[in-house]
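Given next are the chains, with one letter for each unit.
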Amino acid sequence: MQKDEYRNRIAKVAKHLDSSNQDLLLVTPGADLRYLIGYDALPLERLTCLAIHRSGVTWLVVPTLERPSAVAHGIEDLDIHLVDWQETQNPYEILTKEIRSKVGKNKKILVNNLMWVEKAFKLSDALGTQVNLAEQLVAQFRSVKTQFEVNALHEAGQAIDNVHNQIHKWLRPGRTEREVGRDIANAIIESGHSRVDFVIVGSGPNGASPHHEVSDRVINVGEPVVVDIGGTMPSGYCSDSTRMYVIGKAPEEYYAKYEVLKIAQAAASKAAIAGVSCESIDATARDILQSAGLGDYFIHRTGHGIGLETHEDPYIVSGNKTVLQNGHAFSIEPGFYVAEKYGARIEDILVCSDGVAVPTNKVTRELVEL
Ligand code: ZN
Ligand code: ZN
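Below: a short report on this structure. Quick caveat, the model's predicted, so the values are computed rather than measured. (Residues numbered from 1 in each chain as written. Chains lettered and ligands numbered in written order. Predicted model: local features only at pLDDT ≥ 70, side-chain atom pairs only at ≥ 80, totals over all residues. Heavy atoms only, no water.)

### Considerations on the overall build of the chain
Inclusion rule: Secondary structure follows DSSP: runs of H or I at least 4 residues long count as helices, runs of E at least 2 residues long count as strands, and numbering of each begins at the N terminus. Only C-alpha atoms enter the radius of gyration; for comparison, a globular chain is expected to reach 2.2 Å times N to the power 0.38, where N is the number of residues. In what follows, a contact means two residues having at least one pair of non-hydrogen atoms within 4.5 Å. Surface accessibility in these figures is a Shrake-Rupley result with a 1.4 Å probe; residues are shielded only by whichever protein chains are displayed.
Within the chain one finds 10 helices and 17 strands. Whereas a compact globule of 370 residues would reach a radius of gyration of roughly 21 Å, the chain reaches 23 Å, a difference of no more than 12%. Expressed as lengths along the three principal axes of its C-alpha atoms, the size of the chain is roughly 75 × 40 × 35 Å. Here the contacts in the chain between residues at least 6 apart in sequence split such that 65% fall between residues at least 24 apart. Here the chain has roughly 15700 Å² of accessible surface; of this, 51% comes from carbon and sulfur atoms.

Here it is, written out as structure tokens:
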């Protein structure tokens, strides 16, 4: 990633603060921090905090012991005042003094949405004013990916495809979901991810719970198995893909339902073109499932945005009037869930490029019979 890109992001935030008459944005470790300055700091109890003033003046407060790590991330090349604090000092007071000495008192202060409440309260106390949520301030920029980010998402898609291509090696009758999940987790790392984010192996009735992870349930012949997996690449960008498997043959009535799901997933992917609303893409998938009598079994939204976090803007859900544009990256993942019997979901990550949504996942969307 070019340093200019980070400078550009900070400048965009400062400009937005200024035009919306806000003074300061404070950001603690997490995806927003990584997006803004490329610093992948651990969210720990010691205060690390980026402060961007509407004038563009920017600080990063870090514990002294983490200063070398911040420097190694290239922070010093970004025109950021790097301020460190020793173990016995009060970082909240140090940050407040720094800000006041350069830009005076600030009344309107925003904090990133996922800042720990403890830190938000302490910052509010030290700065002597109430703080408010940044809401969409950084999210709106993060949701529109640059070419570098689009490439990173395609790379993540390939890596998770590589894992799905190997599921046949591990999914065997008599093994538990947990055993299969462990093999999958190892493969997620071996395929190039730096972190496993989640592994869902939902066999038979467990597949009817969309966010079931793994259990000690033994997988039997004839049970559809939901395999929804994802991780984070060294680039920071995430993968997330679901495919369906069965050892032998699924119950006969399952096949007709699965065909409808496949059609719904393909139709929603095709409908995702620049200029349409996110809610209309959700409606495309939902209408198809509904007209086949499966509407009541489709119990979640059609998709979510993805990038430095697995779930971020834009959400593909009824009520979201956000207009799809080039650079938006999101999942299309309709499903059906029949309690106590089985579930199904087909999930790709797509990126809107040149007006159409291009899947980053390419492995077969057929029900894979092992
Ligand atoms: Zn997803
Ligand atoms: Zn998923």
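Now, onward.
### Section: the coordination of the zinc ion (ligand 1)
Heads up, the rule is: Sites may look incomplete because water is not among the atoms; the donors themselves are N, O and S atoms within 2.8 Å of the metal, or within 3.2 Å for Na, K and Ca. Each label reflects the angles at the metal, where four donors whose angles all fall between 85 and 135 degrees are tetrahedral, four or six donors whose opposite pairs open beyond 155 degrees and whose other angles stay between 65 and 115 are square planar or octahedral respectively, and the rest are irregular. Think of it in three bands: with a 1.4 Å probe and only protein chains considered, a residue is buried below 20% of the maximum accessible area for its type, exposed above 50%, and partly exposed in between.
The protein atoms that coordinate the zinc ion (ligand 1) are D240 (OD), H304 (NE2), E333 (OE) and E347 (OE), at distances of 2.0 to 2.2 Å. The coordination sphere of the zinc ion (ligand 1) comprises four donor atoms, whose angles at the metal cover 83 to 161°; the geometry is irregular. Read in sequence order, the donor residues coordinating the zinc ion (ligand 1) give the pattern D-x63-H-x28-E-x13-E. Here the zinc ion (ligand 1) and the zinc ion (ligand 2) are spaced 3.1 Å apart, and both take D240 as a donor. Taken as a pair, E333 in the loop between strand 12 (329-332) and strand 13 (335-338) and E347 in the loop between strand 14 (342-345) and strand 15 (348-353) lie far apart in primary sequence, 14 residues in all. Across the pair, exposure class does not vary: E333 and E347 are buried alike.

### Observations concerning the coordination of the zinc ion (ligand 2)
Surrounding the zinc ion (ligand 2) are the protein donor atoms D228 (OD), D228 (OD), D240 (OD) and E347 (OE), which sit 2.0 to 2.4 Å from the metal. Between the donor residues of the zinc ion (ligand 2), the gaps in sequence give the motif D-x11-D-x106-E. By relative accessible area, which is 5% here, D228 ends up buried.

### Concerning the pairing of strand 13
Going by this rule: By the convention used here, strands pair only if DSSP detects at least 2 bridges between them.
Where burial is concerned, the two faces of strand 13 agree: the one with G335 and Y337 and the one with F336 and V338 are both buried. Here strand 13 runs beside strand 14; their pairing, made up of four bridges, is antiparallel. Bridging from a neighbouring strand, Y337 pairs with G343 of strand 14. The antiparallel hairpin formed by strand 13 and strand 14 contains three residues in its connecting segment, where E340 sits at a positive phi of about 70°.

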